[in-house]
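An overview of the molecular structure
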Protein chains: 4
Amino acid sequence: MAQALQAIVEEIVTAMAAETNRGDVATYIPGLASVSPGHFGMAIVNADGTVVMGGDAELPFSIQSISKVFALTMALGKVGDQLWKRVGREPSGNAFNSIVQLEAEHGIPRNPFINAGAIVVADINLAGHMPRESIGELIRFIRFLADDETIVVEEAIARGEAETGFRNIALANYMRAFGNIHHPVELALGVYFHQCAIAMSCLQLARAGRYLMLDGQHPDGGNVVSARRARRINALMLTCGHYDASGDFAFRIGMPGKSGVGGGILAVVPGKASICVWSPGLNASGNSELGTLALERLAEATGWSVFRARG
Amino acid sequence: MAQALQAIVEEIVTAMAAETNRGDVATYIPGLASVSPGHFGMAIVNADGTVVMGGDAELPFSIQSISKVFALTMALGKVGDQLWKRVGREPSGNAFNSIVQLEAEHGIPRNPFINAGAIVVADINLAGHMPRESIGELIRFIRFLADDETIVVEEAIARGEAETGFRNIALANYMRAFGNIHHPVELALGVYFHQCAIAMSCLQLARAGRYLMLDGQHPDGGNVVSARRARRINALMLTCGHYDASGDFAFRIGMPGKSGVGGGILAVVPGKASICVWSPGLNASGNSELGTLALERLAEATGWSVFRARG
Amino acid sequence: MAQALQAIVEEIVTAMAAETNRGDVATYIPGLASVSPGHFGMAIVNADGTVVMGGDAELPFSIQSISKVFALTMALGKVGDQLWKRVGREPSGNAFNSIVQLEAEHGIPRNPFINAGAIVVADINLAGHMPRESIGELIRFIRFLADDETIVVEEAIARGEAETGFRNIALANYMRAFGNIHHPVELALGVYFHQCAIAMSCLQLARAGRYLMLDGQHPDGGNVVSARRARRINALMLTCGHYDASGDFAFRIGMPGKSGVGGGILAVVPGKASICVWSPGLNASGNSELGTLALERLAEATGWSVFRARG
Amino acid sequence: MAQALQAIVEEIVTAMAAETNRGDVATYIPGLASVSPGHFGMAIVNADGTVVMGGDAELPFSIQSISKVFALTMALGKVGDQLWKRVGREPSGNAFNSIVQLEAEHGIPRNPFINAGAIVVADINLAGHMPRESIGELIRFIRFLADDETIVVEEAIARGEAETGFRNIALANYMRAFGNIHHPVELALGVYFHQCAIAMSCLQLARAGRYLMLDGQHPDGGNVVSARRARRINALMLTCGHYDASGDFAFRIGMPGKSGVGGGILAVVPGKASICVWSPGLNASGNSELGTLALERLAEATGWSVFRARG
């Protein structure tokens, strides 16, 4: 099986290298704009712990919104289901982005995977901490999930986010006006901008996502979260993980997943695999062009899908 | 297993009988308003064909929007992926209902499970037919899926829909203004109102849904749809099957499902079960109050969820 | 004065004849699409009853939405300020058209000069009548205002409106769903489509608008409406008369006015003049391109504006 | 005439003192919340320079959004019609406030009298200045208009605005994300918060508004703005001066006007009067409850209205 999978991954890596329509690299901060669109990497950790990878699978990139999965997991550990009083769990579902809904829905963001929701989650994680401590706690949590002490924040990226993040500053202030940000907005945003600036490779991310394929268990033993919570995070990734293309991703690929504007996608096949692909060029919905395509091919070749009877 | 499941179902039926918060029965047409909120039924068809059921599982009720699943399946058989030029596949995702999005998105409904999308699907199914023939074709298709020749349309319900369906008439005309309804609106709506008025029991619906748990196969042999199409319909049910509570349903229950305003919910566990619950009282999102609760208990008791590693 | 005004009008007529950017003629019904964009007409009735006109001032055209002014005046005569329970009096104010607001505002259209509002007004005028009688009553009212018994409905235009008016049918059904249309929608729409199809010349319209410059009085004596009601209709024309370009029209021209998709604009300078211009080509906001320009020049040349100290 | 007007004003002052439904005083900053709802003042400067006033007409209050009229006038003096590339001139026109429209309309606020528009105007006025200089320039301009050197900013109010103005900070950052704020947002907001905190009495405001009734002239001689610009500012006040109640204000009162959350309303009758009323309690639309009522009575008693033939 691992051997067959290695062949599939190699075929995908070769095919992706030949693709000319690679999408557009995010340009809003220099640290992202300077990444070559030629990169492609893929790493798969199977349920038995074996690893299959190809391409630039060990090159770190900016995980950006993929961090929202780990930050949510940490925040649920802190406040439990109280979190859902401040954040919804429905797809945002339209091309108008979320500030419209914040107005109509009184400062409660639709879900924890849109920016507004992730800023509330950062505000929750900040409770009782200084921003530096809060981001440190998240980094340590991710290192524990990935079994890798080398994971760090890229300070230049965090600075770039802060300098250009006017829309996020607007979202945070808007929610503060409704009382849904409890700390000074610059502190909550400080945490948020830093978590987006964490650098990880496909391999590190696929390892960090293992608890989501294992009903919440850490492969080294013990529970990261309960089985129920793992299922629920997977559900949120499936319905909300790709902004307004979440439905299309579920339709085409059928795996819980979370994309980031750095070009990474973390995808989970419960009981089977934790997967990460990376290619920096983005499609019109802001998700990795080749990453999405590669996952679609992987799903076709392996039959992996949560919507399938046999696989 | 079937025995354990029987015990679970019985326990749920008993618990639901004792529930006092049963939601509100739809009142917009007499044929729905007159149904007693005391009903509760549940039927499960396992992958091996065995059936477990309880309560009013054999009492027919108005399937309403559950018909959208079968109508979509039939339309995809007729026009294939061309259908997606006229209907999207993203959650509608906000409390403002779909006419707002129709305007912003130029008459293309968000997905085939909101009313606007289902009216376009009815318009597709109508091609080359008279309305009577089109609805006949759908009835025959559902009878084939359920192996049951007794399934019929309740004409009084269809008439009631037509007499009170001003919002649906508005949606159809609005889409016609954008050229996305090809037949006279009264014909497309005639088909739509009749398909909503089909009466089926939990048992009949659970049987009709078997192809969705079996990768597209009819239990009697042969493919209803390809495995890929079955996965995709499941994906749409998961992301869009419960209007603006689809995210919550995925979060709490984790099964592809489709609700109807008659109080029924069809749910699918690929490879394991096709399930139908029915209780006429609706929650604030327009989905069966007890039906949702019963499925949540069933999921807890069985471990059934597409987001789970083992189950 | 009348002599100076005649010179101004002639200059404008000459200038408009030379304009090459004439906008686009409405094409949604044959009766409008076949009108030559070369037409331009202007008629001014002064407070003393003298008339100045130029170009195609005596050629009838389809008055379309200008009819909303007269229909509103008639409805206010029937039900008085009760009308404002069913229609608002605020500018609709955004590029999304009114169906969005109908949803958010529960079927109450923003003002009587958007289509939804005018359909409610038609529904009010219909009370106790057959559609034929109601439209007959409106025609007689307009003939009385204009002192001209030759004004008629163009039946081919009315038929064209009915055959292509899917958006209006949608609006009417949508409001019916909220209970804000009291008659069968086809009757209310029948009245509406016919009032839009009334044909009048600039001269006839300028004469029909005299009561609005004369504090509600008919020049032949007697009140058409009270002085207060005349002021209020003028206010509505100023804030709402040009759809989402009403602010711009007030800014550039400073007169209460109402445009129609046939290319006519009725404008009022209280105490001074009732004006009608006509040129069939429309700008991006759906108002007459040359009509707007001609009124702007007239305002510059005469100093007429409600926002001016001396004039 | 001035004598008759004095009687009218006295009657209104007496009537307003007896009103029990006085609206709700703004409470979002202490400096506003502490103002007694019992205040009522009115001042009228006639075209001949005579003054009629009553009640608390000489008591300073926080002018808040009335400052937008003077800031706009100053900005138009600096950049002329270039300003309209960055701000629209249409009523915002719906109950959803402006951030929704900023998203749909790419950071261009609908008009200069909603908060977003006024922040852009503040950003324009800031060009080449430090915030302190810019606000100083505006104060000097208003002192010149009112012929009164005692007008100042209340620093405690400005500080309160800054501390609670999360929604305005959100608006500014949101527009900055679209490139429509050119200075650091805290500088533009600093100017904006200070201009809102200017304190003036009814008498001072009515004097400051004289140029708008005099076709742009300062009563002491010379033009403040051209006659055309004065007309246009009046037009904007009429269509946009009372947020989403602008249509209703035009309908009931028929004068260009601008309200502020401090309870003041500046109203203009071109050629006749510059008026200011003040009462701190606000109605549901955020405009002075008694101020609106008092202007309605004044309009009835005097016949003043831009929509009237004789007056």
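In this section: the relation of the copies chain C and chain B. Both copies of the chain are related by a screw-like operation: a rotation about an axis and a shift along it. Each copy of the sequence occupies a distinct position, and chain C is placed on chain B by a rotation of 180 degrees and an axial shift of 0.0 Å, giving an RMSD of 0.0 Å. With respect to symmetry, the two chain copies, as superposed, fit the operation of a two-fold axis. Proximity to the rotation axis, assessed at the C-alpha, singles out Ala170(C) in chain C; its C-alpha lies 1.9 Å from the axis.

Let us now look at the relation of the copies chain B and chain A. Mapping chain B onto chain A calls for a rotation angle of 180 degrees and an axial translation of 0.0 Å; the resulting RMSD is 0.0 Å. Of the interface residues in chain B, 100% have counterparts in chain A that sit at the interface too, so the contact is made through matching surfaces.

It is worth spelling out the interface of chain C and chain B at this point. Counting residues at the interface gives 14 residues for chain C, matched by 14 residues for chain B. Roughly 1500 Å² of surface becomes buried between chain C and chain B when both sides are summed, with 67% attributable to carbon and sulfur atoms. When the buried surface of chain C facing chain B is broken down by residue, Glu103(C), Phe166(C) and Arg167(C) rank first, second and third, together holding 38% of it. Counting across the chain C and chain B interface gives zero salt bridges.

Attention now moves to the sheet that holds strand β6 (residues 198-200) of chain D. All names here are of chain D. Strand order in the open sheet formed by three strands is β4-β6-β5, with antiparallel pairing between adjacent strands. This sheet does not close on itself; its edge strands, each paired only once, are β4 (61-62) and β5 (152-153). Pairing geometry for β5 and β6, over two bridges, is antiparallel. Bridge pairing in β6 places Val153 opposite Ile198.

Taken as a whole, this structure holds 51 salt bridges over all chains when the rule is applied. Across the pair Glu300(C) and Arg228(D) runs a salt bridge, and its minimum N-O distance is 3.0 Å. Of the two residues, Glu300(C) sits in helix α14 (residues 289-302) while Arg228(D) sits in helix α12 (residues 227-240), which places them in two different chains. Across the pair Arg232(D) and Asp81(D) runs a salt bridge, and its minimum N-O distance is 3.8 Å. Residue Arg232(D) is found in helix α12, and its partner Asp81(D) is found in the loop between α3 (67-79) and α4 (98-104); the two are separated by 151 residues along the sequence. Linked through salt bridges whose partners overlap, the residues forming this network are Arg89(A), Asp248(B), Arg252(B) and Glu296(B).

Our focus in this paragraph is the confidence of the model for chain A. On average, residues of chain A score 95 in pLDDT, and 97% of them reach the 70 mark or higher. For this predicted complex, the interface confidence score (ipTM) comes to 0.96, while the overall pTM stands at 0.95.

Contacts between the two partners involve 44 residues from chain B and, on the opposite side, 44 residues from chain A. When the buried surface of chain B facing chain A is broken down by residue, Arg231(B), Phe251(B) and Phe307(B) rank first, second and third, together holding 21% of it. For the pair chain B and chain A, the interface holds eight salt bridges. Among the salt bridges present, the one from Arg231(A) reaches Glu300(B), with a minimum N-O distance of 4.0 Å. Counting every contact that joins chain B to chain A gives 16 residue pairs in polar contact (both at pLDDT 80 or more). Of all elements in the fold, only α4 (98-104), α12 (227-240), α13 (246-252) and α14 (289-302) of chain B reach the threshold of two or more residues within the side of chain B that touches chain A. A total of eight residues in the side of chain B that touches chain A trace back to one element, the largest contributor, which is α12(B). Tallied by class, the residues present in the side of chain B that touches chain A amount to 18 nonpolar, 11 polar and 15 charged.

Quick look at the sheet that holds strand β6 (residues 198-200) of chain B now. Residue and element names in this part refer to chain B. Spatially, β4-β6-β5 is the arrangement adopted by the three strands of the open sheet, whose pairing is antiparallel. Pairing within the sheet leaves two strands with one partner each, and these edge strands are β4 (61-62) and β5 (152-153). As judged from the two bridges shared by β4 and β6, these two strands associate in the antiparallel manner. Bridging from a neighbouring strand, Phe61 pairs with Met200 of β6.

We now examine the environment of Asn111(C). Residues and elements named next belong to chain C. Along the chain, Asn111 turns up in the loop between α4 (98-104) and α5 (115-125). Distance from Asn111 to Val87, taken between C-alpha atoms, is 5.6 Å for residues 24 residues apart in sequence. Setting aside residues up to four positions removed in sequence, Asn111 forms contacts with Val87, Gly88, Arg89, Glu90, Pro91, Ser92, Gly117 and Cys240. At 2.8 Å, the side chain of Asn111 and the backbone nitrogen of Phe113 are in polar contact.

On to helix α1 (residues 2-18) of chain A, then. Think of an α-helix as turning once every 3.6 residues; residues three or four places apart then point the same way. All names here are of chain A. Here α1 contains 17 residues, and its C-alpha end-to-end distance of 25 Å stays within 8% of the 24 Å for a straight helix at 1.5 Å per residue. Those residues of α1 that fall on the buried side of the exposure criterion are Leu5, Ile8, Val9, Ile12, Val13 and Met16. Projected onto a plane normal to the axis of α1, the buried residues spread over an arc of 135 degrees and lie on a single side. What points out from α1, more than 90 degrees from its buried face, is the exposed set Gln3, Glu11, Thr14, Ala17 and Ala18.

Further remarks concern the packing of aromatic side chains. Evaluation of the coordinates by the stated rule reveals 16 aromatic pairs over all chains. Taking the centre distance of 5.2 Å and the plane angle of 75 degrees together, the rings of Phe251(A) and Trp84(B) count as edge-to-face. One end of the pair, Phe251(A), is in helix α13 (residues 246-252); the other, Trp84(B), is in the loop between α3 (67-79) and α4, on a second chain. An identical accessibility class is assigned to Phe251(A) and Trp84(B); each is buried. Consider the rings of Phe61(C) and Trp278(C), whose centres lie 4.8 Å apart with planes at 10 degrees: the pair is stacked. In this pair, Phe61(C) is assigned in strand β4 (residues 61-62) and Trp278(C) in strand β9 (residues 273-278), connecting sequence segments 217 residues apart. Given the relative accessible area of 5%, Phe61(C) is considered buried. What makes Trp278(C) buried here is its relative accessible area of 2%. One residue, Lys258(A), lies across the ring of Tyr243(A), its end atom 4.5 Å from the ring centre.

The next subject is the pairing of strand β3 (residues 51-55) of chain D. Both faces of the sheet carry side chains from a regular strand, because those side chains alternate between them. By the bridge criterion, five bridges tie strand β2 (residues 41-46) of chain D to β3(D) in an arrangement that is antiparallel. By the bridge assignment for β3(D), Val45(D) is matched with Val51(D).

All names here are of chain D. Two elements in contact, α3 and helix α6 (residues 131-146), have axes whose closest approach is 10 Å; the angle formed by their N-to-C orientations is 105 degrees. The orientation of α3 with respect to α6, classified from their angle, is roughly perpendicular. Residues Phe70, Ala71, Thr73, Met74 and Lys78 of α3 pack against Ser134, Glu137, Leu138, Phe141, Ile142 and Leu145 of α6.

Turning to the packing of helix α6 (residues 131-146) of chain C against helix α9 (residues 185-196) of chain C, a few remarks are in order. Residue and element names in this part refer to chain C. Here α6 crosses α9 at 30 degrees, and the two axes come no closer than 9 Å. One finds that α6 runs roughly parallel with respect to α9. In terms of crossing hand, the pair formed by α6 and α9 is right-handed. Across the interface between the two elements, Pro131, Ser134, Ile135 and Leu138 from α6 touch Leu187, Val191, His194 and Gln195 from α9. Grouping the amino acids of the contact of α6 with α9 by side-chain chemistry returns five nonpolar, three polar and no charged.

Along the chain, Ile157(B) falls in helix α7 (residues 155-164). Along the backbone, Ile157(B) and Phe193(B) are 36 residues apart, and their C-alpha atoms lie at a distance of 8.4 Å.

Reading the values: the criteria
Residues numbered from 1 in each chain as written. Chains lettered and ligands numbered in written order. Predicted model: local features only at pLDDT ≥ 70, side-chain atom pairs only at ≥ 80, totals over all residues. Heavy atoms only, no water. Least-squares fit on C-alpha atoms with pLDDT ≥ 70 in both. Contact = heavy atoms within 4.5 Å. Buried area = accessible area lost by both parts, 1.4 Å probe. Salt bridge = Lys/Arg side-chain N within 4 Å of Asp/Glu carboxyl O. Pairing = 2+ DSSP bridges. Helix = DSSP H or I, 4+ residues; strand = E, 2+ residues; numbered from the N terminus. pLDDT = per-residue confidence, 0-100. Polar contact = N/O pair within 3.5 Å; in protein donor to acceptor, adjacent residues only side chain to side chain. Nonpolar A, V, L, I, M, F, W, Y, C, P; charged D, E, K, R; others polar. Expected span 1.5 Å × (residues − 1). Buried < 20%, exposed > 50% of the residue type's maximum accessible area, 1.4 Å probe, protein only. Arc of directions from axis to C-beta. Phe/Tyr/Trp six-rings, centres within 6.5 Å; stacked < 30°, edge-to-face > 60°. Lys NZ or Arg CZ within 6 Å of the ring centre and 35° of its normal. Axes fitted to C-alpha atoms, helices over the stretch in contact; angles between N-to-C directions. Parallel < 35°, antiparallel > 145°, perpendicular 65-115°, else oblique. Left-handed = near helix turned anticlockwise from the far one by under 90°.

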